[in-house]
Amino acid sequence: MVLADAKAGARNEAGISAVLGILKQAFGERFQTGESFRAQHAHTTTYIPSQLPDGVVFAETSEDVRAVVKACAEHKVPVIPFGTGSSLEGQVNAPQGGISIDFSRMNRIIEINAEDLDCTVEPGVTREQLNTYLRDTGLFFPIDPGANASIGGMASTRASGTNAVRYGTMKDNVLSVTVVTANGEEIRTARRAKKSSAGYDLTRLFVGAEGTLGVLTSITLRLQGIPQKIAGGACAFPDIKAACDAVIMTIQMGVPVARIELLDAMQMRACNRYSGLTYDEKPTLFLEFHGTDETVALQSEQFAEIAAECGGGEFLWTSNAEERNKLWKARHDAYWACRALAPALAALSTDVCVPISRLAECVAETQADIEAHGLLAPIVGHAGDGNFHVLVLFDDKTPEGIAVVEEFVARLNARALAMDGTCTGEHGIGQGKMAFLEQELGDAVDLMRQIKESLDPDAIFNPGKIFRRH
């Protein structure tokens, strides 16, 4: 399963040795080969073992990126882009060795076009950094995956998050990118116009490619106006089905909810303990509405009626920023809250996404699976778009412990695919979900391979991710 797909591949020792010498001479102290530096650029937030690169370049300009890619292309050495390392499926590992390009110093905000509601940033800019910079303009960037991820990493994994139900995912919010291709040249995929019918949609080819087709050097993003009023709150339900039914009714009735998050009873217990909350430990929806004083009040009342019809408790909502921030801070800390339930155990965070009409069924069957196999596995989800996450806490020190969690993940993905869903709504494929991509898309993966071989004939860009070459 996952560990089989994460095994190390063949190394080009001669090429790696040559590139190490070239980059040391070109970058001096900005090129590091010490084990601690390399280990920091291979860590994963899952149980997939770290696979270290042979060196790390701290790029500062697109010219630096071009120089690295040209050297690696000449000697057929892998190139692995690195943002903040928050990816969840082993995307930053180096199974064949190679060079990690660290983008933390390429963190400049290049241009803000407030009148056009767009901006251009370097890939190392983080979402929190961008929104802090934008605050005085009255604009914000809405994609919020929880972690303070880099914009380059978010684009590469086609990230989404809690606001996706209203604002979409990265594929909807990236207007264009500049990317260094396998010949070391930099191309721009589109202009800033809000729409275009000019040729192939290269922007969306690179958004979600997980660094396997080229290296992003800038990203042009859609922005949104900061809402006049934001209101939010929580509502408990007697069971998962009731909570999911409320989500489905809310979406189908066209209530313009900005966020609607599902937390099961175990996740609520974890959040209460970790974040000092006092909510009922029942399946709960966290919601947020954006608009004017009148519209957020109306939307909150509409949802309260829906919740009551579905058997939910009182919907306690507020527009007080401090109270809302406490609620969403707890949601964003859900991973750490789960880890605190059993600190000695390892954790695997996995996600699937199904058509919203099948969400209640999929979550309920997953809960039954968790209970039947005696697993400790809270569930939290971006319920408004049918996406949910399971954090499985398990013993990774024994083959038996790993087998149990891998078998669960296999069943979870099979369940989602049987409901015409997807094996990942936002984590991406990386190393962890290669087998499930084949199950989901079948022969279409062969077309992906052809695209990869056409754009990256020597397979230098993030090899061993998404799929294996034939």
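Preceding block: the structure.
As a starting point, this report considers the structure included with it. (Residues numbered from 1 in each chain as written. Predicted model: local features only at pLDDT ≥ 70, side-chain atom pairs only at ≥ 80, totals over all residues. Heavy atoms only, no water.)

### Digging into unusual backbone geometry
Here is step 1: Here Leu117, not a glycine, exhibits a phi torsion of approximately 55°, which is positive.
Here is step 2: Among the structural elements, Leu117 can be located in the loop between strand E5 (109–113) and strand E6 (118–121).
Here is step 3: Assessed through its relative accessible area of 31%, Leu117 is described here as partly exposed.
Here is step 4: You will see that Asp420, though not glycine, has its phi angle at about 65°, which is positive.
Here is step 5: Note that Asp420 resides in the loop between helix H16 (399–418) and helix H17 (434–441). (Helix = DSSP H or I, 4+ residues; strand = E, 2+ residues; numbered from the N terminus. Buried < 20%, exposed > 50% of the residue type's maximum accessible area, 1.4 Å probe, protein only.)

### Overview of helix H2 (residues 13–27)
For an α-helix the count is 3.6 residues per turn, leaving residues at separations of three or four pointing the same way.
Here is step 1: Under the 1.5 Å per step criterion, the end-to-end length of H2 is 21 Å for 15 residues, consistent within 8% with the ideal 21 Å.
Here is step 2: Within the span of H2, buried status applies to Gly15, Ile16, Val19, Leu23 and Phe27. The arc enclosing the buried residues of H2, seen along the axis, measures out at 90°, which places them on a common side. Among the exposed residues of H2, those pointing more than 90 degrees away from its buried face are Ala14 and Gln25. (Expected span 1.5 Å × (residues − 1). Arc of directions from axis to C-beta.)

### Points about the pattern of salt bridges
Here is step 1: Scanning the entire structure with this criterion turns up 32 salt bridges.
Here is step 2: The partner of Arg11 in a salt bridge is Asp54, and the shortest N-O contact between them spans 2.8 Å. In this pair, Arg11 is assigned in the loop between helix H1 (2–5) and H2 and Asp54 in the loop between helix H3 (35–40) and strand E2 (55–58), connecting sequence segments 43 residues apart.
Here is step 3: Residue Asp333 is joined to Lys329 by a salt bridge in which the shortest nitrogen-to-oxygen separation is 2.5 Å.
Here is step 4: By relative accessible area, which is 14% here, Asp333 ends up buried. (Salt bridge = Lys/Arg side-chain N within 4 Å of Asp/Glu carboxyl O.)

### Regarding the nonpolar core
Here is step 1: In terms of nonpolar packing, the biggest core is built from 55 residues, with Phe237, Leu285, Phe303, Phe388 and Val390 touching the most fellow members.
Here is step 2: Excluding residues within four positions of it along the chain, Phe237 makes contact with Ala242, Ala243, Ala246, Lys282, Pro283, Leu285, Phe303, Ala307, Cys310, Gly311 and Gly312.
Here is step 3: Formed by 26 residues, the second largest nonpolar core is a distinct cluster that contains Ala149, Ala159, Val207 and Ile219. (Core = buried A, V, L, I, M, F, W, Y, C linked by side-chain atoms within 4.5 Å. Contact = heavy atoms within 4.5 Å.)

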